[in-house]
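Close look at the chain arrangement
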Amino acid sequence: MKRKTLATMAVLMLASGARAAPADTVLHHGQIITVDAQDSIAQALAISNGKIVMVGSDAAVATLIGPKTRVIDLKGRTATPGLIDTHAHIVSTGIGELFEIRLGETKSVAEMVAALKARVAKTPKGEWITGVGWDEGKFADGKYPTAADLDAVSPDNPVWLENTTGHYGVANSAALKLAGVTAATKTPPAGTIERLPDGRPAGVMKEAAQEMITGLIPPASIAQRQAALAHMIKRLHAEGMTGFKDPSISPQDWAAYRNLVAAGGLDINACVLFSGGRTLASATKALGEIRSAKGDIAGVSSGSLAVCGVKLFLDGSGAAPTAWMYTDWNRQRTGVATGNSGYPQIDPAEYQKIVAMFVNADIGIGTHAIGDRAIDWTVDTYAEALKAHPTRDLRLSIIHANTPTDHAIDTMAALQTSYGSGYPESQAGFAWWIGDIYAANLGEARSQRLNPFATYAKRGIIWGGGSDTSVTPFPGRYGLWASMARQTSNGSWGPAPFGTAEAVDLKTALKSYTAWAAPLIGAGGRTGVLAPGMAADIAVWDRDPLTVPTAAIKDMAADMTLFRGKVVYERGKS
């Protein structure tokens, strides 16, 4: 549908008397990228009671301007639907930003240690110190930090510094001692303890092993979690973002969400996945929490918060590397990590029972699956459960789905067509922010399959974009750019170690953060598209992403963000 057709529709709607009252707000003199099924472009839109009532030409929309209408002159700027992140650890990211050492920009172990030293100087002896965000892929030598590195500046405080992936971290000797981790400690199932040549723990603990440390750290209070959530909503608004899915939350996180809703502070579309744990027993407990949470919000009139179901971890990380693969991981791009093909985090047979339980209860599932073997197991388990209990639109998703096989792609397509399930929730930013370590671990051949967006598009498979924050920075503009560029942050393995065959254009990438993402956060048919009847969730940008060079998309700035017609961010005024 072209601009002329949109204008004609707007005039006809007005002439019919369908919506003759003056609008509350009008945006005009701009380029409105609607992301509707026809990729329509308009000049203006009108908003009343938080919803879009007209989209069309400046002249058509001007008929809805009354004496009390707020008129926003876009002055040629571009507006899109507000961006949506389908996989963002919002509460934990906020806790990291407000209360922990932020290590995402460190370029060496020495810089990590310097940041730790500064925090030690302000921390009473004996108190835990935590940090988040380091990535050995950004270090010149690519080596892990060790307990000994941390001990030099933190002899009197237990320390845990989490890797950006969240799948491993490094502890100092004080933390290892508190946890009772020694050379004699057995490695737990579905975990890894990095060891020195003499068998002593080196400090880095992966997957289930890290819980030996993290289980000792005093948890954030509900008040801190609520502050973190409120902080992150403001940060999201400043990036033109109006929706997200927060996976693997705890009951304490849920209390923070519930409190913020009661206080009227959840000006964003949010849905949550409760943590399902690793066993049928923990998953059954989560099922009860989910049912209770759904009851909590059943009478909430705002409808900005949804419970989307449960998150399960089938495997580990591509950076560790611990994700479950058919063949061994690579090392330094061309070498082979002989004997390491990763491992499942849940017993595969137990996982099948857990999935069947949630599907039979009509509860949505997001399964973390990074390795090709884990992805196959996930989609096949979904197919089996849905065949036994046919249910449409549970939106069962494959979180990350980094390197799917042809079989997995075929099954995703079939699941989407038959059941409204089988949706990849992918992070284009993995290729950028942690792309150097990914390229090293995947090797040359598997790297070409990372995030196969072009193949999805050809097969009619839709996916949701996201950041996995704090694994990668959360602004959606980074994901749009990375979907097109597929470049790594350091270029350690050349300018395009993942190739460009699976890149997509801006229109396709934008859909994965808007129209396709909305149903995956429980907001399908309400947001994600700028059309009459939809919520006025809108981002106004400082440039036109359809016309600027690809590299410039990463640096876009949101000039204004509206949520349900209310201006929640305005650059220079917020």
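Up top is the structure.
In this report, the structure presented in the accompanying data block is examined. (Residues numbered from 1 in each chain as written. Predicted model: local features only at pLDDT ≥ 70, side-chain atom pairs only at ≥ 80, totals over all residues. Heavy atoms only, no water.)

**Focus on the sheet that holds strand β5 (residues 51-56)**
The condition is simple: Each pair of strands is called paired provided DSSP finds at least two bridges between the two strands. Strands are runs of DSSP state E lasting at least two residues, helices are runs of H or I lasting at least four, and both sets are numbered from the N terminus onward. Axis definition: a line fitted to C-alpha atoms, over the contacting stretch in the case of helices. Angles run 0 to 180 degrees between N-to-C directions.
Reading across from one edge, β5-β4-β1-β6 is the order of the four strands in this open sheet, with mixed pairing throughout. Edge positions in the sheet fall to β5 and β6 (70-73), since each has one partner strand and no second. Strand-to-strand twist of the sheet, defined as the mean angle between neighbouring strand axes without regard to direction, takes the value 15°. Strand direction decides the pairing type here: strand β4 (residues 44-48) and β5, joined by five bridges, are antiparallel. Its bridge partner lying in β5, Ile47 is registered against Ile52.

**Some remarks on the state of the cysteines**
As a reminder of what qualifies: Criterion for a disulfide: a pair of cysteine sulfur atoms within 2.5 Å. Accessibility here uses a 1.4 Å probe with only protein chains present; expressed as a share of the type maximum, an area under 20% marks a residue as buried, one over 50% as exposed, and anything in between as partly exposed.
Evaluated as defined, the whole model comprises one disulfide. Between the sulfur atoms of Cys271 and its disulfide partner Cys308 the distance amounts to 2.4 Å. Handedness here is read from the sign of the S-S torsion; for Cys271 and Cys308, about -120°, the answer is left-handed. Highlighted residues: Cys271 in strand β16 (residues 269-275) and Cys308 in strand β17 (residues 305-313), separated in sequence by 37 residues. On the accessibility criterion, Cys308 (16% relative accessible area) is buried.

**Points about the nonpolar core**
Soluble globular proteins tend to bury their nonpolar side chains together. What counts here: Side-chain atoms within 4.5 Å are what join buried Ala, Val, Leu, Ile, Met, Phe, Trp, Tyr and Cys residues into a set we call a nonpolar core. Note on contacts: a residue pair is in contact if any heavy atoms of the two residues lie within 4.5 Å.
With 123 residues, the main nonpolar core has Trp254, Tyr257, Leu266, Phe358 and Tyr438 as its most contacted residues. Setting aside residues no more than four positions away along its own chain, Leu266 makes contact with Leu229, Ile233, Tyr257, Leu260, Val261, Ser304, Leu305 and Phe563. Counting residues in each nonpolar core, the second largest holds 16 residues, with Ala42, Leu74, Ala79 and Leu562 among its members.

**Some details on the environment of Val71**
Relative to the elements of secondary structure, Val71 occurs in strand β6. Discounting residues that sit within four places of it in the chain, Val71 has contacts with Val26, His28 and Ile65.

**Overview of the packing of aromatic side chains**
Which entries qualify depends on this criterion: The aromatic pairing rule takes the rings of Phe, Tyr and Trp, using the six-membered ring of Trp, and pairs them if the centres are within 6.5 Å, calling planes under 30 degrees apart stacked, those over 60 edge-to-face and the rest tilted.
According to the stated counting rule, one finds 14 aromatic pairs in the structure shown. Look at Tyr144 and Tyr168: their rings are 5.7 Å apart centre to centre, the planes differ by 65°, and that puts the pair in the edge-to-face class. Here Tyr144, found in the loop between β10 (129-134) and α5 (147-151), pairs with Tyr168, found in strand β12 (residues 168-171); they are 24 residues apart in sequence, far enough to count as distant. A relative accessible area of 24% means that Tyr144 is categorised as partly exposed. Between Trp432 and Trp481, the aromatic rings sit 5.9 Å apart at their centres with planes inclined by 90°, giving edge-to-face as the arrangement. Here Trp432 is found in helix α14 (residues 430-433), whereas its partner Trp481 is found in helix α17 (residues 476-485), with 49 residues between them in sequence. Summarising the burial analysis for this pair, Trp432 and Trp481 share the class buried.

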